[in-house]
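Listed below, chain by chain, are the residues.
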Amino acid sequence: MAWSLICSRPCPRWNGNSNSRLMKELAVEQVERDAMEFDVMIVGAGPAGLSAACRLMQQAGEAGRELTVCMVEKGSEVGAHILSGAIFEPRALQELFPDWQERGAPLTTPAVRDEVYLLKDDTKAWKLPNALVPPSMHNTGGEITRYVISAGNLCRWLAEQAEGLGVEIFPGFAAQEVIVEDGAVRGIVIGDMGVAADGTPQDGYTPGMELRAKYTLFAEGSRGHLGKRLIERFELDEGRDPQHYGIGLKELWDIPAEKHQPGLILHGSGWPLDKQAQGGWFLYHAENRQAVVGLIVDLSYRNPWLSPFDEFQRLKHHPVLKHHLEGGERVAYGARAITKGGLNCLPKMTFPGGLLIGCDAGTLNFAKIKGLHTAMKSGLVAGETVFEAIMSGDEGGQELSAFTAKWERSWAHAELEASASFGSAIHRYGTVLGGAYNFTNQLLGGRLPNLHDTTADHASLEPAAECEQIVYPKPDGKLSFDKLSSVFLSNTNHEENQPCHLRLTDPELPIRENLPRYAEPAQRYCPAGVYEVVEDDHGKPRFQINFQNCVHCKTCDIKDPAQNITWIAPEGGGGPNYPNM
Amino acid sequence: MKVLVAIKRVIDYNVKIRVKSDHSDVDLTNVKMAMNPFCEIAVEEAVRLKEKGVATEVVVVTIGPKAAQEQLRTALALGADRAIHVETDLRVESLGAARALAKIVEEQQPGLVILGKQAIDTDNNQTGQMLAALTGLPQGTFASEVAVEDGRLRVTREIDGGLETLELTLPAIVTTDLRLNEPRYAKLPDIMKAKKKPLEVRTPADLGVELASRIKLLKVEPPAERQAGIKVGSVDELIDKLKNEAKVIS
Amino acid sequence: MSILVLAEHHNGVLADATAHVVAAARQIGGELHVLVVGEGVAAIAEAASKLDGVGRVLVADHANYAHLLAEPTAALMAQLADDYGHVLAAASTTGKNVLPRLAALKGVGQISEIIAVQGVDTFKRPIYAGNAIATVQSEDTLKVITVRATAFDAVAATQSDDGAAIEAIDFVADNDQSTFIEEQLAESDRPELGSAKVVISGGRGMGSRENFQLLERIADKLGAAIGASRAAVDAGFAPNDMQVGQTGKIVAPELYIAVGISGAIQHLAGMKDAKVIVAINKDEDAPIFQVADYGLVADLFEALPALERQL
């Protein structure tokens, strides 16, 4: 059989130290794999993938046609790896399920009030008058009711709808490789289960299956590890600006009843990031006496001493935020990268045999700081395009250029276009209003709306010696916490005895180059304490990877200055177990 | 021989539990649920007995809310042949569960019943023993090895300080300890097939059992935070404190 | 109503746990009898009669009761239970094996592993692996309870020379269902991590696999099991089966000595139920000191040899 894998892991045989190990690993590599065939394969049970799945089955039902749709999800259940703000515009949902209310969609908390702040320092703040809030930041008023939701719960609900429509969803199964035959994607290979840390099969070893399909939709979310390979393999980013990312850190709090105002929405920027980095924070009052608080830091930051995690922790001490959280209890923590480059950076979403949708491609509207509705819309368009192709007798493997046409005509694309030009408008707007410009600009992620930013995020760091070292306050254990007790609240776990899923192309590089030049920034940008520089027996620095802590945010894959870290999927079911995040 | 396996839906072992602010119970909203790990071991053992040709059929049963059918499907994907769901939204204590299971045993007439030794939510460690009492069957609890020989069951038990081997007449009740086996991963085609395996829904009423418990849960609190003790100045002082104050060494 | 306590014994000796369970029974209050079940257990009964607060010792001494198999032991206790308001046993593998069977024979619920007595019918017990404490109330007339021995201080031996009266029980429960075949008691000098009374654990501060030998020598002297933090396991200093913590073993020994362990919450999750925690660390800000009963800020390479010499 002539098929090749886009090998997303540096092939273990090149790392083998001894012959015996090499042989054992080869045994794993050459194992017989079972295969299954479907009409459509979807990687990732997030908003985009689930919307596509539901749309495919709805159409199949209407046409009275049998259609097999299979979806794999690396999280232990649907929603386990979903983390978002989130304020939700139900436009795409309305298109997918006009009766979503009767179906019990978890949209229970309408947005009732917007507040926008510029934090001047660690105590002072300026509350922006409504007139100065950019229109895209308004979450109340207008024709559409927006909702404060848990994206995790939205996905769990969508998964129920999808299963009801006949989609086969397999949580706990991670897509590890893409099957490419004759230049076209033909499906994926599931990661093996039960491989020991040294790569040898252990008790319970189960080789991953080949899941083949006429079309495969990649909906892995931001910086999907297969999406990244596909972009390279099919040169999907040709002629685009380098993609830009942010890291979003989020906590869920139970807050005292007397402070709880369901639907209250706070956004802000300024301190503590100030000039160090662009970004902004959010604090929403959700249902059940809970509030969510988060900070998004653009990964284009320059100072390698910056720690997004510690910025987030100290942010919560600002009186504006503290007021809402004090007396409450933190119940969950997590972090996830955000693809935020917008239209200028959006890669081509089609390639032979498949589509790249949602944040895996980069459909988020950063002017609104919302990506759920546009991701869902890309899924709907994908579902419609693929169904049409299959109905017309297409046997798969084609490049669905019809998708591009349909996507470009969609309201979601129009929104992204508007935001792209909104970016330059901001600049003009800002020159008139002076200080207000600065504020608004920061609010929207600073350089982000720049039409063309050609420096990739990993290339933005300046040498540590040339940057101001940032000293962060110690956590107080009430509002702010250390990294490990935070990871504890992400319910993260990985089977210990498995190969490390964070691959270093050059294992010596972190200590040889990153440490002297950038004081090894992985120690600080990782929000889960995965990377440490520790001393070995002889007092020499050693790069330690605690992969069990990994919350699958993908920041390391994005920000490592040498692009030396490759994130691949660990054993299915590993990673965080987020509740309603 | 038919093997009956009883399983329980519990909070996933990776999830940190949180007590409700009114201290009425642990908060289970939005948390991931899963099959109790000891029950997974029970299912695995039954399936292995079937693969060895000892068991002819593996029937899995649970008592719990509708959502517990997810765990029955998992057991079916792991190799059980059919499932019985005793549906109830009540908080079921061990005695109630054992009463319902005794009825199922009476109906199904299994040659062997396997349960997890305890559920990781209430940590009771009771149901198997109670079921044995109610059915009048012998029990092999905390099993780390199970074998059927000449129509009798040889079971090795994990006891304080070592292992104990017993021989039981069949039918018998076995509860599993951690070292009995390493459960397998469900395979994707098996998960698909599991959706089509038979699942029968029963109610406590049609079994004629009363599930309400006479053990009332008054309050659930987070454990007391450990307080920092004292700093000692030297190894001498430490040993003195351990011997004479804490009295933990002699 | 009176209370019946099932005596715990091993190798012909009354186990310490019994004195702890008697302590719990005394907190409930009432006439207190100890039941000794087994074969050739006269000396054990004698020892039980000397426990402070015990009013009478019942002895069921018969070959059928050897090894306290669940079927005859529960049947015997079911015969006796009607005279009592409470039946207690240690939450040992014996108590956990027998008492639920007894409870079901009597048609009552069972309360497992109590750690506090709140009243004659109300008790505290850990649930969710100790991550929550439940207060439960039994509405049954007979309360069948197992007791976490370490949660109650043992009663002392009685001051008087003659102990409580010892009374033989004639009832012999038949047993044609279960047969004892053999017992293999662990003979290792080093107890198992999960059940050891003393655990000494090393963290990344140990520096190397070789340095873990410093712990071994102390463990030998204390009869302790050796544990490790995940950081030490990840650094290759110790094998994974020695890991104590959220992703490793959860231990609740009487004494836990943490050496060179910073005390990340993941580690604390595995040992916070230890009765006494000792921390030895050179970083006085290490979080482990926030939970330690005795903290020693010291270089472990000096403290450990000193500890070994003086034990």
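It should be noted that the structure appears before, not after, this text.
Not measured: the values here are computed from a predicted model.

Parameters at a glance
By convention here, each chain's residues receive numbers from 1 onward along its written sequence. Whichever chain is written first is A, and whichever ligand is written first is 1; the rest continue in order. Only residues with pLDDT of at least 70 get local features here, since the model is predicted, and only at 80 or more are side-chain atom pairs given and counted; chain-wide, interface and lining totals rely on the full set of residues. Heavy atoms throughout the structure, all of them, feed into the side-chain values; hydrogens and water do not. Helix and strand labels come from DSSP, where a helix needs a run of H or I of at least four residues and a strand needs a run of E of at least two; each type is numbered from the N terminus. Exposure classes here rest on a 1.4 Å probe applied to the protein chains alone. A residue is buried below 20% of its type maximum, exposed above 50%, and partly exposed in between. Two residues qualify as a contact provided that any one of their heavy atoms is within 4.5 Å of a heavy atom in the partner residue. Per-residue and other accessible areas follow the Shrake-Rupley method at a 1.4 Å probe size, with only the shown protein chains counted as cover for residues. His is not counted here, nor are the chain ends, while Lys and Arg score as positive and Asp and Glu score as negative. Note that the charge is assigned to NZ on lysines, CZ on arginines, CG on aspartates and CD on glutamates. Should DSSP find at least two bridges between two strands, the strands are taken to pair. The angle between two axes is taken between their N-to-C directions and runs from 0 to 180 degrees, where each axis is a line fitted to C-alpha atoms and a helix contributes only its stretch in contact. Handedness rule for crossovers: strands pointing away from the viewer, path from the first strand over the helix to the second running clockwise, crossover right-handed. Buried area: the sum, over both parts, of the accessible surface (1.4 Å probe) that disappears when the two are put together. By convention in these notes, a salt bridge is any Lys or Arg side-chain nitrogen within 4 Å of a carboxyl oxygen on Asp or Glu. Any N or O atom pair separated by 3.5 Å or less is treated as a polar contact, with the protein-specific requirement of one donor-capable and one acceptor-capable atom, and with residues adjacent in sequence counted only for side-chain atom pairs. For this classification, the nonpolar set comprises Ala, Val, Leu, Ile, Met, Phe, Trp, Tyr, Cys and Pro, the charged set comprises Asp, Glu, Lys and Arg, and every other residue, Gly included, is treated as polar.

Draft legend 1. Expanded view of the overall build of chain B. When you go through chain B residue by residue, the secondary structure sums to seven helices and 13 strands. For chain B, the spread of C-alpha atoms along the three principal axes comes to 65 × 45 × 40 Å. Per-residue burial over chain B gives 57% buried out of 250 residues. Of all intrachain contacts in chain B linking residues separated by at least 6 positions in sequence, the fraction that spans at least 24 positions is 70%. For chain B, the computed accessible surface area is about 10200 Å², with 49% contributed by carbon and sulfur atoms. Each charge sign in chain B was given a centre, from 36 positive and 37 negative side chains, and these centres are 3 Å apart.

Draft legend 2. Geometry of the sheet that holds strand β5 (residues 82-87) of chain B. Across the sheet, 10 strands lie side by side as β11(B)-β5(B)-β4(B)-β1(B)-β6(B)-β10(B)-β7(B)-β8(B)-β9(B)-β13(C); this open sheet has mixed pairing. The open sheet is flanked by β11 (199-202) of chain B together with β13 (178-185) of chain C, the only strands paired with a single partner. Strand-to-strand, the axes of this sheet are offset by a mean angle of 25°, without reference to chain direction. Where strand β1 (residues 2-7) of chain B lies against strand β6 (residues 112-116) of chain B, four bridges are found, and the strand directions are parallel. Paired with A6 of chain B across the two strands is L115 of chain B, which belongs to β6 of chain B. Packed on one face of the sheet, helix α1 (residues 37-51) of chain B meets β1, β4 (57-64), β6, β7 (139-149) and β10 (172-176) of chain B and runs near 150° to β6 of chain B. Against the sheet, helix α2 (residues 69-78) of chain B makes contact with β1, β4, β5 and β11 of chain B, and its axis sits at roughly 165° relative to β5 of chain B, the strand it touches most.

Draft legend 3. Up close: the pairing of strand β4 (residues 32-38) of chain C. Residues and elements named next belong to chain C. Counting buried positions along β4 yields seven of seven residues, so the element is predominantly enclosed. The side-chain alternation of β4 yields two buried faces, one formed by L32, V34, V36 and G38 and the other by H33, L35 and V37. What joins β4 to strand β5 (residues 56-61) is helix α2 (residues 42-49), and the crossover it makes is right-handed.

Draft legend 4. Summary view of the interface of chain B and chain C. In this complex, chain B contributes 71 residues to the contact, which on the side of chain C involves 77 residues. Counting each side, the surface lost to burial between chain B and chain C is near 6100 Å², with a carbon and sulfur contribution of 54%. Its largest share of buried area at the contact with chain C, chain B owes to R214, I215 and R226 of chain B, together 12% of the area lost on that side. At the boundary of chain B with chain C, the tally comes to five salt bridges. For the interface between chain B and chain C, the tally reads 42 residue pairs in polar contact (both at pLDDT 80 or more). Where the side of chain B that touches chain C is concerned, the elements lending two or more residues are α3 (94-108), α4 (127-135), β7, β8 (152-159), β9 (162-169), β12 (215-221), β13 (230-232) and α7 (235-245) of chain B. Among the elements that take part in the side of chain B that touches chain C, β9 of chain B stands out by supplying eight residues, more than any other. Of the residues belonging to the side of chain B that touches chain C, the class tally is 34 nonpolar, 16 polar and 21 charged. Here β12 of chain B pairs with strand β10 (residues 132-138) of chain C via six bridges, running antiparallel. Bridge pairing in β10 of chain C links L217 of chain B to V136 of chain C.

Draft legend 5. Region of interest: the pattern of salt bridges. Applying the stated criterion across every chain yields a total of 67 salt bridges over all chains. Among the ionic pairs, E51 of chain B bridges to R184 of chain B, the shortest N-O distance being 2.7 Å. Taken as a pair, E51 of chain B in helix α1 and R184 of chain B in the loop between β10 and α5 (188-194) lie far apart in primary sequence, 133 residues in all. The class for R184 of chain B is partly exposed, based on a relative accessible area of 27%. Between E57 of chain B and R82 of chain B there is a salt bridge, and its shortest N-O distance comes to 2.6 Å. With E57 of chain B in strand β4 and R82 of chain B in strand β5, this residue pair connects regions lying 25 residues apart in the sequence. Sharing partners across several salt bridges, the network here consists of R55, E384, E388 and K406 of chain A.

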